[in-house]
Every structure is written in C-alpha cells, then in structure tokens.
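# Results of the structural survey
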Amino acid sequence: MLRSVAGWVPGEPVPNEQLPADWEVDDAWVRRRTGIGSRHRAGPDVATGDLAYEAAVRLLARDPEAHGADAVVLATATPDHLCPATAPALAARLGLGTVPALDISAVCSGFVYGLAVCHGLVSSGLYERVLLVGADVYSTWLDPADRSAGVVFGDGAGAALVAAGVRGDPGELLAFDLGSDGTGYGLITVPGGGARARASGKPPDLGDAYFRMRGGTVYQHAVERMTDSCRTLLDRVGWSPAEVDRFVPHQANARILHAVAERVGIEPKRCVTHLERVGNTGAASIPLALADAAAGGLLRSGDRVLLTAFGGGLTWGSAALRWPGTPQTMCTDSMEGTQHVAPR
C-alpha cells in the first residue's frame, strides 16, 4: 500500500519571461503550446541524487515508518553517473545502512513502474517498507539551443513509502497496467555516452550529449498509449470513468493531459495538474503532483485515484489505488521557496 508522499523542487521558479531571448518565445506562446508558466532549475553542482535526497528527507520527517525502509528504489533518467547506480549512494546519505538499493530507468514512466516494482517487493513478503523516489535533473541534459525541450522540462524530486498493509484499507495499490514499444526507441533519447555510442568507434559528436525528442510523434504515442492503458486498468478494477475521484497523469504538457482525460471520459475538474508551476519533471512529476494535491486538500482518505504516465523507450503505465489520507500524507509540502542541498 501507499503510505505517504513528499516532494521538493530546487531554487526559485524560472518564469517564461526569463527564458533565453534567443529562443524568441513569450509567455503567451509557451502557455498556449504547453500550459507551463514556470519551471525550476537545479543550478551548478546540484545533481539528481541531491534532489532525491531532499525529497526523501521530507518524507522521513513526516512519516516515522519511512525510517524503517528496508529497500530503496530510485526512478530516474538522469542518474548522477552512468555507473554506478545512484540509489545506493542515496540510501547511504539517508542513513539507511546496507539496505538493497537500485535505479530503474523508464524515463517519464519511472514512478509508475517503480510503484509496481515496490508493490511486488512488498506483496511477495521480501521487504516490508520500500522507499520509492522519482527524481530528474533534465536541465543538465538540455541543448541550450533547443527551445522545444527547454520550455517544457524542469527539475524536481518526489518520494513515497510503499509498505505492507491490510487489504481494503486506504492506500491499497489495487492494480497496474505496464507496457513498452521498443520500435519507438529513438523518439526520446540522449544518443551519446552509452555503450552503443562507445562501440561505434566514432568520435563523439557534441550534440549527442543532449536530450532529443521528436515532439509531434511523441504526442500521438503518449495520448494513445496512456488512453488505452487507463481504459484497460479501469476495466481491470471495475471502475467507470465517473467513479475516478482524482486523475493524476504524468505532467508532460497541458494538451496531452487534456486529450487523455477527454478520451478516457474524466472531467477536467477531477484532474490533478501542477505543471503550470513546475513543468515536466520526468519521473518526479506524478509524486510531485500527488504531494501538491495532498497539501492543497484535494485528496481524501479512500479516494479512487488513477495514475498514468508515458516516457521514452517507449514505455507507459497506469496504476489504480485508494488514497491513504494519513496525516503524514495530507501534510506533505511539494514546494520549497529556497534551495538547500545537504553536504555530500
């Protein structure tokens, strides 16, 4: 079951008015195309592990059970290093000792995939409490000349505790629907740095170090895959669209969110969105949206909640759950006005 969530974004917001002048965009243009008004940037010497740590610390402060986490899962597409994984260092910084820790990479679907992994670890009896963190620092991967990605992506982290519980209680993770389509492998990618590029024997191209996305094609895939996944999952759990209390999609852009909600048959007033203030934060977007909604009183104990996401790979996934509504969850704080990073 899901016990609690918390979130954190670094630094001060970067509004559309402060985007680079050579991108030749204004606030109205960005809002019309994406629905985004601002985003946050991690800044110099701040990496994914730092943001993950900040989100996890806030979860530990609000939920005593999280101090007993016996495994850590970090969902990210922007790890601190290609090798090793970032999760073991995160577990050590949190003082969790020698618990097992691993990264998973499903890009923007990472948090939903992570929920499914954590659910399996707990329901199998292997572990009792698993700390799940979704964190990405896309600002380190963006091409300064690529305004299409630059206006969309922000940095952030969200943490959740998945723990053993009683069937039927609030917080129960009811079902998942996950999928992938590797024929779309090249639609969202960072071409350089990995074994494929190194094995080519060719000198690296400077542009290959940057994030690339074929936006128009990705839009079509995202809407279709998330819509189909949501419909499949609703059938599986026996909910009609009208019975979903809160719909929390990956915060990609407003056009995608509205298109999926409309096709699934969920009213806009039941959609949780906060990308207007933080943009697309990758694997962090769903836990940040949950923490923000909880802090705003938009989620009540027992609410039927539907999550859905789409990311590179291509990957997608949806999850159905009952909102826990514990005091720790309802008091989470998704935004901090100033940046603070603990010493490494």
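Everything numeric in this text was worked out from a predicted model, so none of it was measured.

### Things to note about the side chain of Thr-48
With respect to the secondary-structure elements, Thr-48 resides in helix H2 (residues 48-62). In this structure Thr-48 comes out as buried when scored by relative accessible area, which is 1%. Residues contacting Thr-48, with those up to four places away along its chain left out, are Thr-76, Thr-78, Asp-80, Ala-135, Asp-136 and Val-137.

### A word on the pairing of strand S4 (residues 71-75)
Burial runs high along S4: five of the five residues are buried. Across four bridges, the pairing between S4 and strand S5 (residues 101-104) is parallel. Within S5, the position partnered with Leu-74 by the bridge is Asp-103. Tracing the backbone out of S4, into helix H3 (residues 87-93) and back to the parallel element S5 gives a crossover that is right-handed.

### As for unusual backbone geometry
Only a minority of non-glycine residues have a phi that is not negative, and only a minority of peptide bonds are not trans. In this structure, Pro-84 follows Cys-83 across a cis peptide bond, with omega equal to 5 degrees. Checked against the element boundaries, Pro-84 lands in the loop between S4 and H3. The omega angle of the peptide bond from Gly-313 to Leu-314 is -10 degrees, so this bond is cis rather than trans. Its location among the elements puts Leu-314 in the loop between strand S12 (304-311) and strand S13 (315-322). A positive phi is found at Glu-24, a non-glycine position, where the angle reads about 55 degrees. Relative to the elements of secondary structure, Glu-24 occurs in the loop between strand S2 (13-15) and helix H1 (27-34).

### Describing the UniProt feature "domain: Beta-ketoacyl-[acyl-carrier-protein] synthase III C-terminal" (unreviewed entry) in the protein
Taking the numbering used here, the UniProt-annotated feature "domain: Beta-ketoacyl-[acyl-carrier-protein] synthase III C-terminal" (unreviewed entry) corresponds to residues 234-323. With 33% helix and 22% strand, residues 234-323 has end C-alpha atoms that lie 16 Å from one another.

Cut-offs applied
- Residues numbered from 1 in each chain as written.
- Predicted model: local features only at pLDDT ≥ 70, side-chain atom pairs only at ≥ 80, totals over all residues.
- Heavy atoms only, no water.
- Helix = DSSP H or I, 4+ residues; strand = E, 2+ residues; numbered from the N terminus.
- Buried < 20%, exposed > 50% of the residue type's maximum accessible area, 1.4 Å probe, protein only.
- Contact = heavy atoms within 4.5 Å.
- Pairing = 2+ DSSP bridges.
- Right-handed = clockwise from strand over helix to strand, strands pointing away.
- UniProt positions renumbered as here; feature names shortened; annotations may be inferred.

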